[in-house]
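# Chains, contacts and geometry: an overview
The chain contents come next:
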Amino acid sequence: MAQVTGIGGFFFRARDPDGLKTWYAEHLGVDSAPVWTQRAGPTVFAPFAADTDYFAADRQWMLNLRVDDLDAMIAQLEEAGIAVETRAEWDAHPEVGRFARIHDLEGNPIELWEPGSG
């Protein structure tokens, strides 16, 4: 059987596509001109129940991005004036990794994930 080998793109509507593209490149290093080549690593593909409280009820999706140094990423985001949320319970399983959450210019939720060693 043929199988999917990875995520080829993530497409979403934006009020200001150029501004949002610049924001992602400037603050997260996601440079999609013409394509963004990521490092190989784990990807979680997980539909959640419609009534989940894992992310905001008014959102259909939450983007999760792998990071190599969560503390440094948090520091650079906060320096740029971007609110970062962390919670001890998100980091309760060090083998899974550590997490933080932000929102882009249009309020889209982004989870930052530094994978653990497990």
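Heads up: these notes are all about the structure in this document.

Bringing the overall build of the chain into the picture now. When you go through the chain residue by residue, the secondary structure sums to 2 helices and 3 strands. Scanning the chain from its N terminus toward the C terminus, one meets helices and strands in the order α-β-α-β-β. Computed over C-alpha atoms, the radius of gyration of the chain comes to 15 Å, within 12% of the 13 Å expected from 2.2 N^0.38 for 118 residues, which places it in the range of a compact globule. Projected onto the principal axes, the alpha-carbon positions of the chain cover approximately 45 × 35 × 30 Å. Each of the 118 residues in the chain was classed as buried or not, and the buried ones make up 26%. Carbon and sulfur atoms provide 53% of the accessible area of the chain, an area that totals close to 8700 Å². Distance between charge centroids for the chain: 6 Å, based on 9 positive and 20 negative side chains.

A few words now on the nonpolar core. Ranked by size, the top nonpolar core spans 18 residues in total, and within it Tyr24, Leu28, Leu77, Ile102, Ile110 and Leu112 carry the most contacts. Listing elements by their share of this core, those giving two or more residues are α1 (17–28), β1 (63–66), α2 (70–79), β2 (97–103) and β3 (109–115). The contacts of tyrosine 24, once residues within four sequence positions are left out, are Phe12, Gly29, Val30, Leu63, Asp104 and Ile110.

A few words on the packing of aromatic side chains. Counted under the stated rule, the structure contains 8 aromatic pairs. Centre to centre, the rings of phenylalanine 10 and phenylalanine 12 are 5.3 Å apart; their planes meet at 45°, and the pair counts as tilted. Residue phenylalanine 12 is classed as partly exposed on the basis of its relative accessible area of 31%. With a centroid separation of 5.2 Å and an interplanar angle of 80°, the aromatic rings of tryptophan 23 and tyrosine 24 are classed as edge-to-face. The exposure class of tryptophan 23 is buried, given its relative accessible area of 7%. Here the aromatic cluster, defined as three or more aromatic residues joined through ring pairs, consists of Phe10, Phe12, Trp23, Tyr24 and Trp61. Arginine 101 extends its terminal NZ or CZ atom over the ring of tyrosine 54, reaching a point 4.5 Å from the ring centre. Over the ring of tryptophan 90 we find arginine 101; its NZ or CZ atom is 4.3 Å from the centre of that ring.

This part covers the environment of alanine 57. Position of alanine 57 among the secondary structure elements: in the loop between α1 and β1. Between the alpha carbons of alanine 57 and aspartate 104 there is a distance of 17 Å; along the sequence they are 47 residues apart.

Looking along a regular strand, one sees side chains alternate from face to face of the sheet. In β1, alternate side chains face the same way, and those of Leu63 and Leu65 are buried while those of Asn64 and Arg66 on the opposite face are not. Relative to β3, β1 runs parallel, the two being bridged by 4 bridges. Of the residues in β3, the one forming a bridge with arginine 66 is tryptophan 113.

This next bit is on the sheet that holds β1. Spatial strand order, β1-β3-β2: 3 strands in an open sheet with mixed pairing. The open sheet has two edge strands with one neighbour each: β1 and β2. The mean inter-strand angle of the sheet, taken between neighbouring strand axes irrespective of direction, is 25°. Against the sheet, α1 makes contact with β1, β2 and β3, and its axis sits at roughly 30° relative to β3, the strand it touches most. Together, β2 and β3 form the strand contacts of α2, whose direction differs from that of β2 by roughly 20°.

The rules behind the values
Residues numbered from 1 in each chain as written. Predicted model: local features only at pLDDT ≥ 70, side-chain atom pairs only at ≥ 80, totals over all residues. Heavy atoms only, no water. Helix = DSSP H or I, 4+ residues; strand = E, 2+ residues; numbered from the N terminus. Rg over C-alpha atoms; globule rule 2.2 N^0.38 Å. Buried < 20%, exposed > 50% of the residue type's maximum accessible area, 1.4 Å probe, protein only. Areas by Shrake-Rupley, 256 points an atom, 1.4 Å probe, with all protein chains shown as cover. Lys, Arg positive; Asp, Glu negative; His and termini not counted. Charge placed at Lys NZ, Arg CZ, Asp CG, Glu CD. Core = buried A, V, L, I, M, F, W, Y, C linked by side-chain atoms within 4.5 Å. Contact = heavy atoms within 4.5 Å. Phe/Tyr/Trp six-rings, centres within 6.5 Å; stacked < 30°, edge-to-face > 60°. Lys NZ or Arg CZ within 6 Å of the ring centre and 35° of its normal. Pairing = 2+ DSSP bridges. Axes fitted to C-alpha atoms, helices over the stretch in contact; angles between N-to-C directions.

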